[in-house]
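# A closer look at the structure
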Amino acid sequence: MLLIQVPREIHLSIIETGGLSINELKSLSFTCRHFAHLCLAEIWKSRKFIENFSLTKFRETLSNNPFMPYGDFILKIQVDELDKTPQISIDAELIKFFAQKCGNLKELMIRFSQKERNNKACLLPFELLGDRLVNLSMVAYHHLDDYDDFDAQDEQEEGVKNGETKITELSSLVNGGQQIIKQMYNYYYKPKVEFHDALSETIKLGNVKSIRLYCPKMTEKVWECFTRSAADSLQAIRITLNSSTMVRDPSTIVSLFGKYCKNLRTFDIDTYNIQISKESALLMLENCKKLETLDISASSKIAPLLYKSQSINSLYLSYPQEGQDLNQIKEMMENLTRLSFLKIDGKCNLSFLKNFPNLDYLQIGDFANMDDEGFLNISKTKITELILVKTPKISDEALSMMSLMPTLIKFNIRDRLPNVTQRGWINLAKRPVGNPSWQVITIDDGRQINPEFFKILDHSHHNLETLRIRGFSYDNLLKDDSFDSLKFKEAWVYYKKHSQNPIIHWPIKYNAKRPSNVREAYDGYEGSY
(Lines give C-alpha, C1' and ligand atoms only; values in the text may rest on other atoms or scores of the structure.)
Protein backbone atom coordinates (compact mmCIF):
# COMPACT_ATOMS: atom_id res chain seq x y z
CA MET A 1 0.00 0.00 0.00
CA LEU A 2 2.85 2.37 0.82
CA LEU A 3 4.37 1.67 -2.61
CA ILE A 4 1.20 2.83 -4.37
CA GLN A 5 1.32 6.10 -2.44
CA VAL A 6 4.57 7.01 -4.17
CA PRO A 7 3.75 9.57 -6.90
CA ARG A 8 3.06 8.00 -10.29
CA GLU A 9 5.72 10.21 -11.91
CA ILE A 10 8.47 8.59 -9.80
CA HIS A 11 7.39 5.08 -10.78
CA LEU A 12 7.21 6.15 -14.40
CA SER A 13 10.68 7.69 -14.28
CA ILE A 14 12.16 4.49 -12.82
CA ILE A 15 10.55 2.37 -15.52
CA GLU A 16 11.57 4.67 -18.37
CA THR A 17 15.19 5.22 -17.33
CA GLY A 18 15.96 2.03 -15.43
CA GLY A 19 17.01 0.03 -18.49
CA LEU A 20 14.66 -2.83 -17.60
CA SER A 21 14.39 -5.66 -20.10
CA ILE A 22 11.10 -6.70 -21.69
CA ASN A 23 10.90 -9.78 -19.43
CA GLU A 24 11.53 -7.65 -16.33
CA LEU A 25 8.80 -5.23 -17.38
CA LYS A 26 6.44 -8.17 -17.96
CA SER A 27 7.08 -9.56 -14.50
CA LEU A 28 6.51 -6.16 -12.92
CA SER A 29 3.29 -5.67 -14.87
CA PHE A 30 1.76 -8.80 -13.31
CA THR A 31 2.08 -7.44 -9.77
CA CYS A 32 -0.95 -5.13 -9.90
CA ARG A 33 -3.11 -3.05 -12.19
CA HIS A 34 -1.14 0.11 -11.37
CA PHE A 35 2.17 -1.31 -12.60
CA ALA A 36 0.45 -3.10 -15.45
CA HIS A 37 -0.53 0.16 -17.10
CA LEU A 38 2.87 1.75 -16.44
CA CYS A 39 4.77 -1.21 -17.84
CA LEU A 40 2.47 -1.75 -20.80
CA ALA A 41 3.03 1.85 -21.84
CA GLU A 42 6.80 1.25 -21.82
CA ILE A 43 6.64 -2.17 -23.53
CA TRP A 44 4.39 -0.98 -26.33
CA LYS A 45 5.50 2.62 -26.85
CA SER A 46 7.70 1.88 -29.87
CA ARG A 47 7.73 -0.84 -32.53
CA LYS A 48 10.07 -1.66 -35.41
CA PHE A 49 9.20 -4.05 -38.25
CA ILE A 50 11.67 -5.33 -40.83
CA GLU A 51 9.83 -8.47 -41.99
CA ASN A 52 6.19 -9.37 -42.45
CA PHE A 53 5.81 -12.16 -39.87
CA SER A 54 6.26 -9.86 -36.87
CA LEU A 55 4.07 -7.18 -38.47
CA THR A 56 1.27 -9.70 -39.11
CA LYS A 57 1.40 -10.91 -35.51
CA PHE A 58 1.32 -7.32 -34.31
CA ARG A 59 -1.78 -6.59 -36.37
CA GLU A 60 -3.49 -9.73 -35.13
CA THR A 61 -2.79 -8.80 -31.50
CA LEU A 62 -4.25 -5.32 -31.87
CA SER A 63 -7.29 -6.66 -33.76
CA ASN A 64 -8.09 -9.58 -31.42
CA ASN A 65 -7.96 -7.76 -28.08
CA PRO A 66 -10.89 -5.32 -28.07
CA PHE A 67 -10.83 -4.93 -24.28
CA MET A 68 -7.15 -4.03 -24.10
CA PRO A 69 -6.27 -1.18 -26.48
CA TYR A 70 -2.56 -1.89 -26.87
CA GLY A 71 -2.49 0.49 -29.83
CA ASP A 72 -3.15 3.45 -27.54
CA PHE A 73 0.25 2.92 -25.89
CA ILE A 74 2.14 3.14 -29.18
CA LEU A 75 3.95 6.44 -29.75
CA LYS A 76 6.52 5.42 -32.36
CA ILE A 77 6.51 3.00 -35.32
CA GLN A 78 9.22 2.13 -37.81
CA VAL A 79 8.48 0.02 -40.90
CA ASP A 80 11.21 -1.01 -43.35
CA GLU A 81 10.61 -2.55 -46.76
CA LEU A 82 13.79 -4.61 -46.72
CA ASP A 83 14.74 -7.76 -48.63
CA LYS A 84 14.10 -9.92 -45.58
CA THR A 85 11.43 -12.55 -46.17
CA PRO A 86 8.54 -12.56 -45.78
CA GLN A 87 8.86 -9.03 -47.11
CA ILE A 88 6.78 -6.13 -45.89
CA SER A 89 4.69 -4.16 -48.34
CA ILE A 90 3.74 -0.66 -47.19
CA ASP A 91 0.28 -0.19 -48.67
CA ALA A 92 -2.91 1.76 -48.07
CA GLU A 93 -4.36 -1.01 -45.90
CA LEU A 94 -1.41 -0.83 -43.50
CA ILE A 95 -1.65 2.96 -43.18
CA LYS A 96 -5.39 2.70 -42.51
CA PHE A 97 -4.72 0.08 -39.83
CA PHE A 98 -2.27 2.39 -38.04
CA ALA A 99 -4.81 5.21 -38.28
CA GLN A 100 -7.51 3.00 -36.72
CA LYS A 101 -5.54 1.35 -33.94
CA CYS A 102 -2.78 3.81 -32.98
CA GLY A 103 -4.59 6.92 -31.87
CA ASN A 104 -1.62 8.38 -29.99
CA LEU A 105 1.04 7.75 -32.62
CA LYS A 106 3.50 10.67 -32.62
CA GLU A 107 6.44 9.45 -34.71
CA LEU A 108 6.46 7.41 -37.91
CA MET A 109 9.58 6.19 -39.75
CA ILE A 110 9.07 4.63 -43.17
CA ARG A 111 11.74 3.07 -45.39
CA PHE A 112 10.43 2.38 -48.89
CA SER A 113 12.03 -0.24 -51.08
CA GLN A 114 13.96 1.34 -53.96
CA LYS A 115 12.76 -1.42 -56.26
CA GLU A 116 9.72 -0.83 -58.45
CA ARG A 117 6.62 -0.65 -56.28
CA ASN A 118 3.03 -1.60 -57.00
CA ASN A 119 1.86 0.96 -54.45
CA LYS A 120 3.19 4.39 -55.29
CA ALA A 121 4.39 6.11 -52.15
CA CYS A 122 2.94 9.45 -53.24
CA LEU A 123 -0.61 7.96 -53.36
CA LEU A 124 -0.66 6.28 -49.95
CA PRO A 125 -3.15 7.81 -47.44
CA PHE A 126 -0.64 9.13 -44.91
CA GLU A 127 -2.96 12.08 -44.36
CA LEU A 128 -5.05 9.74 -42.16
CA LEU A 129 -2.23 10.03 -39.61
CA GLY A 130 -1.71 13.75 -40.07
CA ASP A 131 -3.96 14.63 -37.13
CA ARG A 132 -1.59 12.99 -34.62
CA LEU A 133 1.92 12.74 -36.09
CA VAL A 134 4.52 15.22 -34.87
CA ASN A 135 7.66 13.65 -36.39
CA LEU A 136 7.80 11.97 -39.79
CA SER A 137 10.81 10.28 -41.43
CA MET A 138 10.86 8.76 -44.91
CA VAL A 139 13.57 6.98 -46.85
CA ALA A 140 13.35 6.80 -50.67
CA TYR A 141 10.07 8.68 -50.99
CA HIS A 142 9.46 9.02 -54.75
CA HIS A 143 7.06 11.27 -56.58
CA LEU A 144 7.81 12.08 -60.20
CA ASP A 145 5.18 13.57 -62.48
CA ASP A 146 5.01 12.49 -66.14
CA TYR A 147 6.41 15.68 -67.60
CA ASP A 148 9.91 15.47 -66.13
CA ASP A 149 12.78 13.68 -67.77
CA PHE A 150 13.82 11.53 -64.82
CA ASP A 151 12.83 8.38 -66.68
CA ALA A 152 15.24 9.23 -69.47
CA GLN A 153 17.94 10.00 -66.90
CA ASP A 154 17.41 6.65 -65.17
CA GLU A 155 17.57 4.80 -68.49
CA GLN A 156 20.83 6.55 -69.32
CA GLU A 157 22.33 5.72 -65.91
CA GLU A 158 21.26 2.09 -66.31
CA GLY A 159 22.95 2.06 -69.69
CA VAL A 160 26.16 3.31 -68.12
CA LYS A 161 26.01 0.51 -65.56
CA ASN A 162 25.69 -2.03 -68.40
CA GLY A 163 28.80 -0.71 -70.09
CA GLU A 164 27.12 1.53 -72.65
CA THR A 165 29.23 4.55 -71.80
CA LYS A 166 29.59 5.95 -75.32
CA ILE A 167 26.52 7.79 -76.52
CA THR A 168 26.74 9.16 -80.02
CA GLU A 169 25.02 12.30 -81.14
CA LEU A 170 22.70 10.20 -83.29
CA SER A 171 21.58 7.99 -80.40
CA SER A 172 21.05 11.07 -78.24
CA LEU A 173 18.85 12.54 -80.95
CA VAL A 174 16.86 9.32 -81.22
CA ASN A 175 16.43 9.08 -77.46
CA GLY A 176 15.36 12.71 -77.32
CA GLY A 177 12.77 12.08 -80.02
CA GLN A 178 11.46 9.05 -78.16
CA GLN A 179 11.12 11.11 -75.00
CA ILE A 180 9.12 13.79 -76.85
CA ILE A 181 6.84 11.11 -78.34
CA LYS A 182 6.37 9.60 -74.86
CA GLN A 183 5.43 12.98 -73.38
CA MET A 184 2.99 13.69 -76.21
CA TYR A 185 1.38 10.28 -75.73
CA ASN A 186 1.04 10.84 -71.98
CA TYR A 187 -0.46 14.26 -72.56
CA TYR A 188 -3.06 13.28 -75.18
CA TYR A 189 -3.90 9.65 -74.48
CA LYS A 190 -2.95 8.68 -70.95
CA PRO A 191 -5.87 9.07 -68.50
CA LYS A 192 -5.43 12.20 -66.43
CA VAL A 193 -5.03 11.64 -62.69
CA GLU A 194 -5.59 14.49 -60.26
CA PHE A 195 -2.30 15.60 -58.72
CA HIS A 196 -1.90 14.08 -55.25
CA ASP A 197 1.15 14.07 -53.04
CA ALA A 198 0.90 12.07 -49.81
CA LEU A 199 3.64 14.02 -48.07
CA SER A 200 2.01 17.37 -48.85
CA GLU A 201 -1.44 16.19 -47.81
CA THR A 202 -0.10 14.92 -44.49
CA ILE A 203 1.71 18.07 -43.50
CA LYS A 204 -1.10 20.30 -44.72
CA LEU A 205 -3.05 19.44 -41.56
CA GLY A 206 -0.54 21.42 -39.50
CA ASN A 207 0.41 18.90 -36.80
CA VAL A 208 3.69 17.59 -38.19
CA LYS A 209 6.50 19.78 -36.89
CA SER A 210 9.59 17.82 -37.92
CA ILE A 211 10.36 15.88 -41.12
CA ARG A 212 13.39 13.88 -42.26
CA LEU A 213 13.71 12.90 -45.92
CA TYR A 214 16.52 10.56 -46.96
CA CYS A 215 17.21 10.24 -50.69
CA PRO A 216 13.85 11.62 -51.83
CA LYS A 217 13.13 11.59 -55.56
CA MET A 218 10.83 14.54 -56.12
CA THR A 219 10.45 16.97 -58.97
CA GLU A 220 10.53 20.73 -58.53
CA LYS A 221 6.74 20.77 -58.87
CA VAL A 222 6.40 18.33 -55.96
CA TRP A 223 8.89 20.24 -53.82
CA GLU A 224 6.88 23.43 -54.35
CA CYS A 225 3.64 21.67 -53.45
CA PHE A 226 5.27 20.30 -50.31
CA THR A 227 6.74 23.62 -49.14
CA ARG A 228 3.47 25.45 -49.81
CA SER A 229 1.62 22.86 -47.73
CA ALA A 230 4.18 23.05 -44.92
CA ALA A 231 3.96 26.85 -44.86
CA ASP A 232 3.85 28.14 -41.27
CA SER A 233 3.49 24.77 -39.47
CA LEU A 234 6.81 23.07 -40.25
CA GLN A 235 9.56 23.81 -37.73
CA ALA A 236 12.35 21.37 -38.63
CA ILE A 237 13.39 19.73 -41.90
CA ARG A 238 16.39 17.50 -42.60
CA ILE A 239 17.04 16.43 -46.19
CA THR A 240 19.70 14.05 -47.47
CA LEU A 241 20.03 14.02 -51.24
CA ASN A 242 22.19 11.89 -53.51
CA SER A 243 23.21 12.06 -57.14
CA SER A 244 20.35 9.98 -58.52
CA THR A 245 17.47 11.27 -56.40
CA MET A 246 17.60 15.02 -56.59
CA VAL A 247 16.52 17.94 -58.70
CA ARG A 248 19.11 19.41 -61.03
CA ASP A 249 20.05 22.27 -58.68
CA PRO A 250 19.42 21.83 -54.93
CA SER A 251 19.51 25.61 -54.58
CA THR A 252 15.93 25.48 -55.88
CA ILE A 253 14.89 23.42 -52.87
CA VAL A 254 16.52 25.88 -50.46
CA SER A 255 14.79 28.81 -52.19
CA LEU A 256 11.38 27.13 -51.87
CA PHE A 257 11.80 26.58 -48.14
CA GLY A 258 13.05 30.13 -47.71
CA LYS A 259 10.06 31.45 -49.63
CA TYR A 260 7.23 29.47 -48.02
CA CYS A 261 8.37 28.03 -44.66
CA LYS A 262 9.02 31.15 -42.64
CA ASN A 263 8.58 29.53 -39.22
CA LEU A 264 11.44 27.08 -39.61
CA ARG A 265 13.67 26.61 -36.57
CA THR A 266 15.94 23.94 -38.08
CA PHE A 267 17.04 23.52 -41.68
CA ASP A 268 19.56 20.80 -42.57
CA ILE A 269 20.33 19.77 -46.14
CA ASP A 270 23.02 17.42 -47.44
CA THR A 271 23.37 18.09 -51.16
CA TYR A 272 25.90 15.41 -52.18
CA ASN A 273 28.77 17.92 -52.45
CA ILE A 274 26.86 20.38 -54.61
CA GLN A 275 27.08 24.05 -53.70
CA ILE A 276 24.04 26.07 -52.68
CA SER A 277 23.98 29.46 -54.34
CA LYS A 278 24.51 32.68 -52.42
CA GLU A 279 21.07 33.93 -53.55
CA SER A 280 19.20 30.89 -52.20
CA ALA A 281 21.04 30.95 -48.88
CA LEU A 282 20.40 34.68 -48.50
CA LEU A 283 16.68 34.21 -49.16
CA MET A 284 16.52 31.77 -46.25
CA LEU A 285 18.55 34.02 -43.94
CA GLU A 286 16.29 37.00 -44.62
CA ASN A 287 12.88 35.29 -44.70
CA CYS A 288 13.14 32.69 -41.92
CA LYS A 289 13.21 35.04 -38.95
CA LYS A 290 12.97 32.23 -36.37
CA LEU A 291 15.66 29.97 -37.84
CA GLU A 292 17.96 28.74 -35.07
CA THR A 293 19.92 25.83 -36.59
CA LEU A 294 21.29 25.88 -40.15
CA ASP A 295 23.34 23.12 -41.78
CA ILE A 296 23.91 24.04 -45.42
CA SER A 297 26.53 23.54 -48.15
CA ALA A 298 26.40 27.20 -49.04
CA SER A 299 28.80 29.15 -51.22
CA SER A 300 31.43 31.00 -49.20
CA LYS A 301 30.10 34.19 -50.79
CA ILE A 302 27.34 34.06 -48.17
CA ALA A 303 29.84 34.43 -45.30
CA PRO A 304 29.90 38.26 -45.18
CA LEU A 305 26.07 38.23 -45.18
CA LEU A 306 25.50 35.81 -42.31
CA TYR A 307 24.57 38.74 -40.07
CA LYS A 308 21.31 39.01 -42.04
CA SER A 309 19.96 36.43 -39.64
CA GLN A 310 19.59 37.57 -36.06
CA SER A 311 18.12 34.25 -34.89
CA ILE A 312 20.66 31.58 -35.90
CA ASN A 313 22.57 30.20 -32.93
CA SER A 314 24.00 27.06 -34.57
CA LEU A 315 25.62 27.15 -38.02
CA TYR A 316 27.39 24.42 -39.99
CA LEU A 317 28.82 25.40 -43.38
CA SER A 318 29.19 21.99 -45.03
CA TYR A 319 30.85 23.20 -48.23
CA PRO A 320 34.49 24.37 -48.49
CA GLN A 321 34.77 28.03 -47.55
CA GLU A 322 37.32 30.39 -49.08
CA GLY A 323 39.48 32.11 -46.48
CA GLN A 324 39.27 35.42 -48.33
CA ASP A 325 35.47 35.38 -48.03
CA LEU A 326 35.59 34.56 -44.31
CA ASN A 327 37.96 37.48 -43.83
CA GLN A 328 35.18 39.75 -45.13
CA ILE A 329 32.93 39.03 -42.14
CA LYS A 330 32.67 42.43 -40.44
CA GLU A 331 29.23 42.49 -38.81
CA MET A 332 28.47 41.29 -35.28
CA MET A 333 26.38 38.16 -34.67
CA GLU A 334 25.66 38.07 -30.95
CA ASN A 335 23.13 35.24 -31.39
CA LEU A 336 25.66 32.70 -32.74
CA THR A 337 26.85 30.16 -30.15
CA ARG A 338 27.88 27.14 -32.29
CA LEU A 339 29.96 27.31 -35.48
CA SER A 340 31.30 24.48 -37.66
CA PHE A 341 33.24 24.38 -40.91
CA LEU A 342 33.72 21.37 -43.16
CA LYS A 343 36.79 22.87 -44.81
CA ILE A 344 38.58 26.20 -45.14
CA ASP A 345 40.69 26.81 -48.25
CA GLY A 346 43.38 29.43 -48.62
CA LYS A 347 44.74 31.80 -46.02
CA CYS A 348 42.61 32.91 -43.08
CA ASN A 349 43.74 34.00 -39.63
CA LEU A 350 40.26 33.49 -38.10
CA SER A 351 40.16 37.11 -36.95
CA PHE A 352 36.46 37.16 -37.92
CA LEU A 353 35.72 35.15 -34.77
CA LYS A 354 35.76 38.39 -32.79
CA ASN A 355 32.40 39.20 -34.41
CA PHE A 356 30.81 36.26 -32.57
CA PRO A 357 31.16 37.36 -28.93
CA ASN A 358 28.91 34.62 -27.53
CA LEU A 359 30.46 31.71 -29.42
CA ASP A 360 30.59 28.65 -27.18
CA TYR A 361 31.44 25.80 -29.61
CA LEU A 362 33.83 25.78 -32.58
CA GLN A 363 34.57 22.92 -34.96
CA ILE A 364 37.02 23.18 -37.86
CA GLY A 365 37.32 20.30 -40.29
CA ASP A 366 40.04 20.46 -42.92
CA PHE A 367 42.19 23.59 -42.62
CA ALA A 368 45.71 22.87 -43.88
CA ASN A 369 46.86 26.49 -43.54
CA MET A 370 45.83 27.02 -39.94
CA ASP A 371 48.86 28.39 -38.08
CA ASP A 372 49.71 29.96 -34.74
CA GLU A 373 48.06 33.25 -35.70
CA GLY A 374 44.79 31.41 -36.18
CA PHE A 375 45.16 29.73 -32.78
CA LEU A 376 45.90 33.10 -31.22
CA ASN A 377 42.56 34.43 -32.50
CA ILE A 378 40.78 31.30 -31.24
CA SER A 379 42.35 31.85 -27.83
CA LYS A 380 40.73 35.30 -27.66
CA THR A 381 37.21 33.80 -27.83
CA LYS A 382 35.10 32.48 -24.96
CA ILE A 383 34.43 29.04 -26.38
CA THR A 384 34.13 26.07 -24.02
CA GLU A 385 34.54 23.34 -26.65
CA LEU A 386 36.98 23.11 -29.58
CA ILE A 387 37.11 20.32 -32.17
CA LEU A 388 39.91 20.25 -34.75
CA VAL A 389 39.79 17.53 -37.42
CA LYS A 390 42.66 18.19 -39.84
CA THR A 391 44.99 21.01 -38.80
CA PRO A 392 48.49 19.57 -39.34
CA LYS A 393 50.35 22.83 -38.59
CA ILE A 394 49.40 22.86 -34.93
CA SER A 395 52.46 23.46 -32.73
CA ASP A 396 53.53 23.31 -29.09
CA GLU A 397 52.86 27.05 -28.84
CA ALA A 398 49.30 26.56 -30.14
CA LEU A 399 48.60 23.93 -27.45
CA SER A 400 49.94 26.33 -24.84
CA MET A 401 47.47 28.99 -26.07
CA MET A 402 44.62 26.51 -25.67
CA SER A 403 45.69 25.77 -22.11
CA LEU A 404 45.66 29.48 -21.25
CA MET A 405 42.05 29.98 -22.39
CA PRO A 406 39.94 30.73 -19.29
CA THR A 407 36.76 29.11 -20.65
CA LEU A 408 37.89 26.11 -22.74
CA ILE A 409 37.13 22.79 -20.99
CA LYS A 410 36.58 20.36 -23.93
CA PHE A 411 39.33 19.77 -26.49
CA ASN A 412 39.25 17.29 -29.38
CA ILE A 413 42.03 17.05 -31.94
CA ARG A 414 42.34 14.45 -34.69
CA ASP A 415 44.80 13.63 -37.50
CA ARG A 416 48.59 13.33 -37.22
CA LEU A 417 50.51 16.21 -35.63
CA PRO A 418 54.11 16.23 -36.88
CA ASN A 419 55.01 19.53 -35.17
CA VAL A 420 53.89 18.62 -31.64
CA THR A 421 56.46 17.39 -29.11
CA GLN A 422 56.21 16.10 -25.53
CA ARG A 423 56.48 19.69 -24.34
CA GLY A 424 53.34 20.62 -26.27
CA TRP A 425 51.21 18.04 -24.46
CA ILE A 426 52.63 19.08 -21.10
CA ASN A 427 51.72 22.67 -22.02
CA LEU A 428 48.15 21.55 -22.66
CA ALA A 429 47.87 19.73 -19.33
CA LYS A 430 49.50 22.47 -17.19
CA ARG A 431 46.83 25.11 -16.88
CA PRO A 432 47.39 28.35 -14.95
CA VAL A 433 46.00 28.71 -11.46
CA GLY A 434 42.40 29.88 -11.72
CA ASN A 435 41.75 28.23 -15.08
CA PRO A 436 39.16 25.46 -15.03
CA SER A 437 39.88 21.74 -15.05
CA TRP A 438 39.70 19.92 -18.36
CA GLN A 439 36.45 17.98 -18.68
CA VAL A 440 37.01 16.22 -22.03
CA ILE A 441 40.26 15.58 -23.92
CA THR A 442 40.39 13.55 -27.13
CA ILE A 443 43.68 13.11 -29.00
CA ASP A 444 44.21 10.96 -32.09
CA ASP A 445 48.01 11.29 -32.30
CA GLY A 446 49.50 10.35 -28.94
CA ARG A 447 52.99 9.43 -30.13
CA GLN A 448 54.61 12.20 -28.06
CA ILE A 449 52.54 11.81 -24.89
CA ASN A 450 54.59 10.75 -21.86
CA PRO A 451 53.74 9.64 -18.30
CA GLU A 452 53.96 13.19 -16.90
CA PHE A 453 50.94 14.17 -19.01
CA PHE A 454 48.79 11.58 -17.23
CA LYS A 455 50.16 12.48 -13.79
CA ILE A 456 49.20 16.13 -14.28
CA LEU A 457 45.69 15.18 -15.42
CA ASP A 458 45.26 12.86 -12.43
CA HIS A 459 46.46 15.33 -9.83
CA SER A 460 45.24 18.67 -11.19
CA HIS A 461 42.10 18.03 -13.24
CA HIS A 462 39.48 16.75 -10.81
CA ASN A 463 36.58 17.55 -13.13
CA LEU A 464 37.90 15.35 -15.95
CA GLU A 465 35.02 13.25 -17.28
CA THR A 466 36.41 11.71 -20.48
CA LEU A 467 39.93 11.03 -21.74
CA ARG A 468 40.57 9.24 -25.05
CA ILE A 469 43.99 8.97 -26.63
CA ARG A 470 44.98 6.96 -29.68
CA GLY A 471 48.06 6.54 -31.83
CA PHE A 472 50.75 5.92 -29.22
CA SER A 473 53.11 2.93 -29.09
CA TYR A 474 52.91 0.45 -26.21
CA ASP A 475 56.11 0.24 -24.16
CA ASN A 476 57.67 3.20 -26.00
CA LEU A 477 57.13 6.28 -23.85
CA LEU A 478 54.33 4.64 -21.89
CA LYS A 479 54.77 1.47 -19.82
CA ASP A 480 52.56 -0.40 -17.35
CA ASP A 481 54.27 1.11 -14.32
CA SER A 482 53.68 4.61 -15.77
CA PHE A 483 50.11 4.35 -14.50
CA ASP A 484 50.79 3.03 -11.02
CA SER A 485 48.64 4.90 -8.47
CA LEU A 486 46.80 6.76 -11.27
CA LYS A 487 43.06 6.54 -11.92
CA PHE A 488 43.79 5.64 -15.56
CA LYS A 489 45.52 2.35 -14.62
CA GLU A 490 42.49 0.11 -15.08
CA ALA A 491 41.67 1.63 -18.48
CA TRP A 492 45.28 1.23 -19.63
CA VAL A 493 45.35 -2.47 -18.70
CA TYR A 494 41.90 -3.13 -20.17
CA TYR A 495 42.52 -1.60 -23.59
CA LYS A 496 46.02 -3.04 -23.85
CA LYS A 497 44.42 -6.46 -23.42
CA HIS A 498 41.27 -6.02 -25.51
CA SER A 499 42.12 -3.57 -28.26
CA GLN A 500 44.24 -4.35 -31.31
CA ASN A 501 45.05 -0.65 -31.80
CA PRO A 502 46.85 1.48 -29.22
CA ILE A 503 44.13 3.35 -27.34
CA ILE A 504 43.20 4.41 -23.85
CA HIS A 505 39.63 5.42 -23.08
CA TRP A 506 38.79 6.54 -19.58
CA PRO A 507 36.33 5.70 -18.13
CA ILE A 508 36.31 2.27 -19.78
CA LYS A 509 33.67 1.85 -22.47
CA TYR A 510 32.50 -1.72 -22.10
CA ASN A 511 30.65 -3.39 -24.98
CA ALA A 512 27.48 -4.03 -23.04
CA LYS A 513 24.48 -3.15 -25.17
CA ARG A 514 21.51 -1.42 -23.65
CA PRO A 515 18.03 -2.41 -24.76
CA SER A 516 16.95 -0.68 -27.95
CA ASN A 517 14.47 2.15 -27.63
CA VAL A 518 12.62 0.67 -30.58
CA ARG A 519 11.21 -2.78 -29.90
CA GLU A 520 12.01 -5.05 -32.82
CA ALA A 521 9.07 -7.29 -33.63
CA TYR A 522 6.22 -8.42 -31.45
CA ASP A 523 7.38 -10.71 -28.64
CA GLY A 524 4.10 -12.47 -27.89
CA TYR A 525 3.17 -10.45 -24.84
CA GLU A 526 -0.49 -10.01 -24.04
CA GLY A 527 -1.76 -8.74 -20.74
CA SER A 528 -5.11 -9.57 -19.16
CA TYR A 529 -5.92 -6.29 -17.44
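Described below are features of the structure shown in this document. Worth saying up front: this structure is predicted, and the values here are computed from it rather than measured. (Residues numbered from 1 in each chain as written. Predicted model: local features only at pLDDT ≥ 70, side-chain atom pairs only at ≥ 80, totals over all residues. Heavy atoms only, no water.)

### Looking at the packing of helix α10 (residues 251–260) against helix α11 (residues 278–287)
Short version of the rule: Geometry is summarised by axes, namely lines fitted to C-alpha atoms with helices restricted to the contacting stretch, and by angles between N-to-C directions that run from 0 to 180 degrees. For the purposes of this entry, the term helix denotes a DSSP run of H or I that reaches at least four residues, the term strand denotes a run of E that reaches at least two, and both are numbered from the N terminus. If an angle is under 35 degrees, it is roughly parallel; if it is over 145, roughly antiparallel; if it lies from 65 to 115, roughly perpendicular; otherwise it is oblique. Left-handed describes a crossing whose near helix is turned anticlockwise from the far helix through less than a right angle; right-handed describes the clockwise counterpart. Only heavy atoms matter for contacts: two residues are in contact if any of them lie within 4.5 Å across the pair. Polarity classes work like this: nonpolar for Ala, Val, Leu, Ile, Met, Phe, Trp, Tyr, Cys and Pro, charged for Asp, Glu, Lys and Arg, and polar for all others, with Gly in that last group.
At a closest axis distance of 8 Å, the pairing of α10 and α11 adopts a crossing angle of 15°. Taken together, the axis directions place α10 and α11 in an arrangement best described as roughly parallel. Crossing of α10 over α11 shows left-handed handedness. The residues of α11 that touch α10, namely those facing S251, V254, S255, F257, G258 and K259, are S280, A281, L283, M284 and N287. Of the residues that constitute the contact of α10 with α11, the class distribution is 5 nonpolar, 5 polar and 1 charged.

### Overview of the packing of helix α13 (residues 372–379) against helix α14 (residues 396–404)
Closest axis-to-axis distance for the α13/α14 pair is 9 Å, and the angle between their directions is 0°. In terms of axis orientation, α13 runs roughly parallel to α14. Side by side, α13 and α14 meet where D372, F375, L376, I378 and S379 of the first sit next to E397, A398, M401 and M402 of the second. Residues of the contact of α13 with α14, tallied by class, amount to 6 nonpolar, 1 polar and 2 charged.

### Remarks on the state of the cysteines
Note the following rule: Our working definition of a disulfide is a cysteine sulfur pair at a distance within 2.5 Å. Only protein chains enter the calculation, and the probe is 1.4 Å; a residue is then buried if its accessible area is under 20% of its type maximum, exposed if over 50%, and partly exposed in between.
Under the counting rule described, the total for this entry stands at 0 disulfides. Unpaired in terms of disulfides, C261 finds its nearest cysteine sulfur in C288, a separation of 7.3 Å. Note on C288: relative accessible area 1%, which makes it buried.

### Some points on the side chain of Q78
Put simply, the test is: Whenever two N or O atoms come within 3.5 Å, that pair is a polar contact, provided that in protein one can donate a hydrogen and the other can accept it, and provided that, for residues adjacent in sequence, both atoms are side-chain atoms.
Within the secondary structure, Q78 is located in strand β2 (residues 76–80). You can call Q78 buried: its relative accessible area is 14%. A polar side-chain atom of Q78 sits 3.3 Å from a polar atom in the side chain of D80. Sequence-distant contacts of Q78, that is, excluding residues within four places in its chain, are made with R47, K48, F49 and M109.

### A closer look at the pairing of strand β14 (residues 361–366)
In plain terms, the rule: In this description, strands pair whenever DSSP reports at least two bridges between them.
β14 sits mainly inside the fold: 5 of its 6 residues count as buried. Alignment of strand β13 (residues 338–345) against β14, held across 5 bridges, turns out to be parallel. Opposite F341, over in β14, you have I364 as the bridge partner. Pairing between β14 and strand β15 (residues 385–390): 5 bridges, direction parallel. Looking across to β15, one finds that Q363 is bridged to I387.

### Thoughts on the pairing of strand β3 (residues 107–111)
As a reminder, the rule being used: Throughout, right-handed denotes a crossover for which the path from the first strand over the helix to the second runs clockwise when the strands point away from the viewer.
Bridge count for β2 against β3 is 5 bridges, and the pairing is parallel. Residue pairing across strands places K76 opposite E107, the latter belonging to β3. Each parallel crossover has a hand, and for β2 linked through helix α5 (residues 92–101) to β3 it is right-handed.

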